[in-house]
Amino acid sequence: MAGGAPILTRASALNVSDYESKLTWYVIIVALIASAGGLLFGYDIGVTGGVESFEEFQYKFFPDVWEAKHGPNAAANSDPYWQVAAGTSGCCGPANGTYNDQKLQVFTSSLFLAGLVSSLFAGHITRHFGRKITMVVGACWFLAGAGLNAGAQYLWMLVIGRIFLGFGVGMANQVVPLYLSEMAPFKYRGGLNMLFQLAVTIGILVAQLINYGVQDWAHGWRLSLGLAAVPAFVLLAGGIMLPESPNSLIERGHLDKGRAVLEKLRGTTNVHAEYGDIKDASEVAGNIRLRDSWKAMFTRPYSPMLAVTCMIAMLQQWTGINAIIYVPVIFNSLGSGKSASLLNTVIIGAVNVVATFVSILSVDKFGRRFLFIEGGIQMAVAQIITGVVLAVEFPKYNNVLPSNVAIGVLIVICVFVAGFAWSWGPLGWLVPSEIQTLETRAAGMSAAVTINFLFSFVVGQAFLTMLCSMRWGVFIFFAAWVVLMTVFIYFFLPETKNVPVERIQVKFARHWFWRKWMGPAAQDIINRDETRTASRKAANLEGAAPYPSPPPGNEVPPKIVTVAVA
Ligand SMILES: OC[C@H]1O[C@](O)(CO)[C@@H](O)[C@@H]1O
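Analysis parameters
- Residues numbered from 1 in each chain as written.
- Predicted model: local features only at pLDDT ≥ 70, side-chain atom pairs only at ≥ 80, totals over all residues.
- Heavy atoms only, no water.
- UniProt positions renumbered as here; feature names shortened; annotations may be inferred.
- Helix = DSSP H or I, 4+ residues; strand = E, 2+ residues; numbered from the N terminus.
- Buried < 20%, exposed > 50% of the residue type's maximum accessible area, 1.4 Å probe, protein only.
- Contact = heavy atoms within 4.5 Å.
- Areas by Shrake-Rupley, 256 points an atom, 1.4 Å probe, with all protein chains shown as cover.
- Phe/Tyr/Trp six-rings, centres within 6.5 Å; stacked < 30°, edge-to-face > 60°.

- Going by the annotation in an unreviewed UniProt entry, the name recorded for the protein chain is Major facilitator superfamily (MFS) profile domain-containing protein, with Chlorella vulgaris given as the source organism.
- Database annotation for the protein chain, UniProt heading Sequence similarities (unreviewed entry): "Belongs to the major facilitator superfamily. Sugar transporter (TC 2.A.1.1) family."
- Listed under Subcellular location (unreviewed entry) in UniProt, the entry text for the protein chain is "Membrane".

This is the structure:
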């Protein structure tokens, strides 16, 4: 290009070779600490189902449930599908009504309901006051909840404790994926962001193992619930010690601090291009006041990303993961008792962790779309096989599978879990956190958490009824959803691998469908990007840093420019 004017093509507008994208130890350590936010969520998911089935816990807080399991109706329930429902505080069967315990449902669901409310508030704190403070406040709620649960004497203490935990998880899930996406160099953003979901899977496994270990101890449930405080302490310490994200600092007018953090994260002072993109984005963001970012998300330039965020957050739960992963329909047939349940927990939990790790290593190489589509096909095939085998084999063997068939089904379930764990599991957090623009990122992530929690709750509640009425057909039902969502990804998700977060909107503006949806705004976005790239290239050719640091102590709020939101 020497001596010539920069030539811009459509493709070159997204060429970001002027970004320095080294993976530094500093960024790895920051990401590892912040991902403790995922441990809170995972530990809570893993611990709850387990303690609900502890005898002492049931007897103390849910005597009706205990009575249903040990009372005169207990023997009447031999249907294997019903036993599954019963084993998970179920809903149906000959002893109908006894397990339909509303108190137990309040206990289980209060966390999700509190979480979906708190994530909405978290969006405001995250944008207005920064990412760190949201982590700190979330960790404090979680600590208070863990303490209250571990020391609970009455049901109301448990429920309030879970509401506090829900506030904590809602905030952590809102801020941590977003923070990780902002801190990571764009070439490694996928892998670093996925540390969040890796922490979720580790949290689930650790909690289940702890439950297994303490299930027969007197007051073992107090220990299980109280240990939730450990990851919360890590997140609290992280929230205090970690640096604020450069994007948040720059958006709030702390330009030289933001640049200094960026330089430290990238391990170089050559951060002009990235700093420039964040600064440009924050100028646009500066024009959209806090409460308007929700409104903005529904306008043409932003609504494609909102639509994709909401669909992904919802569909992650319609894979049926939480129904299938924790419900040992097959494993009753492998033999009852502790060793079978431990085997079940360890095998599925370990597959979940390892496959998430595979995703971390491959997402920035193969891209989001490849993993979504491959994982979707794998999950659908595994679900169909499971449904067909149960339909054919259960009646043949009088509702107890021979062990070779049961082992075969266990392997197929593991194939399903692996498919989820390297696709919808981690991508369900990565994609919503990276596709929003700076001005809508906090609000968009709030929407993602709220919707994810809402559908965790809905699927959790509906599954037991569905299992009782649809039986093996429930696996086919979820397979149909997985096919639909894979088609959705194929047509509607632009690839975001190797695209800096501040420039992903341009990808949507060029997408065959979203371009039409955005209308004239799409061309404006593309033009703005091309002008910016041209001026940066011109400045580079002249050897000047296009975005020099302001002199120390001379921080100014970002300039307000006018952009049409409506
Ligand atoms: O790893 C499985 C877990 O992952 C989640 O989908 C969150 O991303 C949970 O709902 C589920 O229990």
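On we go from here.
**Structural notes on the overall build of the protein chain**
At step 1: Secondary structure summary: the protein chain contains 27 helices and 0 strands in total.
At step 2: Counting over 566 residues, the protein chain shows a buried share of 57%.
At step 3: Intrachain contacts of the protein chain at a sequence separation of at least 6 include 82% that bridge at least 24 residues.
At step 4: Approximately 21500 Å² of the protein chain is accessible, and the part contributed by carbon and sulfur atoms is 68%.

**Focus on the packing of aromatic side chains**
At step 1: The tally for this structure, following the rule as stated, stands at 31 aromatic pairs.
At step 2: With a centroid separation of 5.8 Å and an interplanar angle of 55 degrees, the aromatic rings of Phe57 and Phe107 are classed as tilted. Linking Phe57 in helix H3 (residues 55-61) with Phe107 in helix H6 (residues 102-129), this pair joins segments that are 50 residues apart in sequence.
At step 3: With relative accessibility at 0%, the residue Phe57 sits in the buried group.
At step 4: With relative accessibility at 1%, the residue Phe107 sits in the buried group.
At step 5: Seen in terms of ring centroids, Trp318 and Phe478 are 6.4 Å apart; in terms of plane orientation they differ by 40 degrees. Their pairing is tilted. Highlighted residues: Trp318 in helix H17 (residues 303-318) and Phe478 in helix H24 (residues 473-492), separated in sequence by 160 residues. Neither residue differs from the other here; Trp318 and Phe478 are each classed as buried.
At step 6: An aromatic cluster of at least three residues, connected via ring pairs, comprises Phe488, Tyr490, Phe491, Phe492, Phe508, Trp512, Phe513, Trp514 and Trp517.

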